[in-house]
Amino acid sequence: MSTIVLIHGLWLTPRSWEHWVPYYESKGHRVLTPAYPGFDVEVEALRADPTPIATVTVPETIAHLEKVITNLDEKPIIIGHSFGGTFTQLLLDRGHGAAGVVIDSAPPEGIRVTPPPQIKSLFPILNNPAKRHQAAGLTPEQWHYAFTNTLSAEDSKAAYDRYAIPAPGSWVWHGLLANLTPGKQETWVDFRNADRAPLLFIAGGSDHTMPPSVNKSNAHHYKGEGTITDYIEFPGRSHWTCAEPGWEQIADTALDWALRHAR
């Protein structure tokens with residue numbers, strides 16, 4: 001395997017992978033970091049004018065990611081963080097990828113575990129239904145709780161200034177309502193898909209936005225005969241685990257597992 005596709009999460013852009021790209025390239029891999037539609041500009045530009053991403057939808061984003069992957073000359077390893085983890089699960093369910101790793105993954109439809117820290121982390125978006133139609137951001141203080149609670153206030157603010165952008169509020173609201181709406185919603189996956197590529201869940205033990213119980217429940221839902229689904233939890237790590245100190249251990253764990261299990 002030589003190709004790795006890194007999928008960023010909400011409130012972020014591909015810049016969030018800026019340390020991982022040279023790290024994996026130094027190991028001889030080709031690394032792609034596709035942006036969601038409208039997210040393919042600099043952080044500073046999206047902060048100044050987030051309207052291009054206010055109405056982006058999950059279906060058009062998954063279609064865009066599928067196009068990127070199907071144009072490759074081999075099935076890649078797919079690694080997704082946060083909502084990028086949801087997209088990784090959707091992509092694997094559709095037959096893409098040689099192996100997948102999801103890090104602090106947002107859950108697809110059907111995961112009903114919602115611990116209090118998760119509710120508090122997402123409340124700045126859920127506190128106003130009007131945000132379903134907006135690009136909604138977090139304040140530095142909200143970011144510190146939701147993303148970087150293991151960092152100092154100073155280091156959290158530096159990460160916020162470097163990486164944080166607004167996100168389509170509709171995605172958060174659809175995630176909340178998916179389990180309350182009849183029928184298959186846009187983040188539905190077939191947990192019994194026997195043709196799915198191997199999948200690893202990595203959870204941060206101190207993650208507020210997607211706590212370990214959410215990731216563990218998500219992993220345990222997969223029942224496809226003959227499929228491989230593993231779960232690893234790193235104590236004391238936040239939702240910002242891909243960039244906080246020690247991120248190299250997360251990157252190594254993800255890649256080593258994927259290379260061992262890729263098919």
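Presented here is a report on the structure given in the accompanying data block. Everything numeric here is computed off the predicted structure, so don't read it as measured data.

Quick word on the pattern of salt bridges
What the rule picks out here adds up to eight salt bridges. Note that Glu-44 is salt-bridged to Arg-15, the shortest N-O span being 3.0 Å. Of this pair, Glu-44 sits in helix H2 (residues 43-48) while Arg-15 sits in the loop between strand S1 (3-7) and helix H1 (20-25), placing them 29 residues apart in sequence. Take Glu-44: its relative accessible area is 40%, and that puts it in the partly exposed class. A salt bridge links Glu-18 to Arg-162; the shortest N-O distance between them is 2.7 Å. Residue Glu-18 is located in the loop between S1 and H1, and its partner Arg-162 is located in helix H8 (residues 153-163); the two are separated by 144 residues in the primary sequence. Given the relative accessible area of 28%, Glu-18 is considered partly exposed. Assessed through its relative accessible area of 35%, Arg-162 is described here as partly exposed. Residues participating in the shared-partner salt-bridge network are Arg-15, Glu-42 and Glu-44.

Description of helix H10 (residues 212-221)
Among the residues of H10, Pro-212, Val-214, Asn-215, Ser-217, Asn-218 and Ala-219 are the ones counted as buried. Residues of H10 that are buried make contact with helix H5 (83-93), helix H6 (116-126), strand S7 (199-204) and strand S8 (229-234).

Observations regarding the packing of aromatic side chains
Enumeration over the complete set of coordinates arrives at 19 aromatic pairs. On the numbers, 5.3 Å between centres and 65° between planes, the contact of Tyr-36 with Phe-87 is edge-to-face. Of the two residues, Tyr-36 is situated in the loop between strand S2 (30-32) and H2 and Phe-87 in helix H5; the sequence distance between them amounts to 51 residues. The class of Tyr-36 is buried, set by a relative accessible area of 0%. Across from the ring centre of Trp-188, 4.1 Å away, lies the NZ or CZ of Lys-184, which sits over that ring.

Notes on helix H9 (residues 169-177)
When we look at burial in H9, the residues that qualify are Gly-169, Ser-170, Trp-171, Val-172 and Trp-173. Considering only its buried residues, H9 is in contact with helix H4 (58-70), H5, H6, strand S5 (135-136) and strand S6 (167-168).

Let's talk about the packing of H4 against H5
Geometry of a packed helix pair, given as the angle between the helix axes and the separation of the axes. In contact at an axis separation of 11 Å, H4 and H5 are set at 65° when each is read in the N-to-C sense. Seen from above, H4 lies across H5 with right-handed handedness. Of the residues in H5, those in contact with Val-58, Thr-61, Ile-62, Leu-65, Glu-66 and Ile-69 of H4 are Phe-83, Phe-87, Leu-90 and Leu-91. Split into classes, the residues belonging to the contact of H4 with H5 amount to eight nonpolar, one polar and one charged.

The rules we used
Residues numbered from 1 in each chain as written. Predicted model: local features only at pLDDT ≥ 70, side-chain atom pairs only at ≥ 80, totals over all residues. Heavy atoms only, no water. Salt bridge = Lys/Arg side-chain N within 4 Å of Asp/Glu carboxyl O. Helix = DSSP H or I, 4+ residues; strand = E, 2+ residues; numbered from the N terminus. Buried < 20%, exposed > 50% of the residue type's maximum accessible area, 1.4 Å probe, protein only. Contact = heavy atoms within 4.5 Å. Phe/Tyr/Trp six-rings, centres within 6.5 Å; stacked < 30°, edge-to-face > 60°. Lys NZ or Arg CZ within 6 Å of the ring centre and 35° of its normal. Axes fitted to C-alpha atoms, helices over the stretch in contact; angles between N-to-C directions. Left-handed = near helix turned anticlockwise from the far one by under 90°. Nonpolar A, V, L, I, M, F, W, Y, C, P; charged D, E, K, R; others polar.

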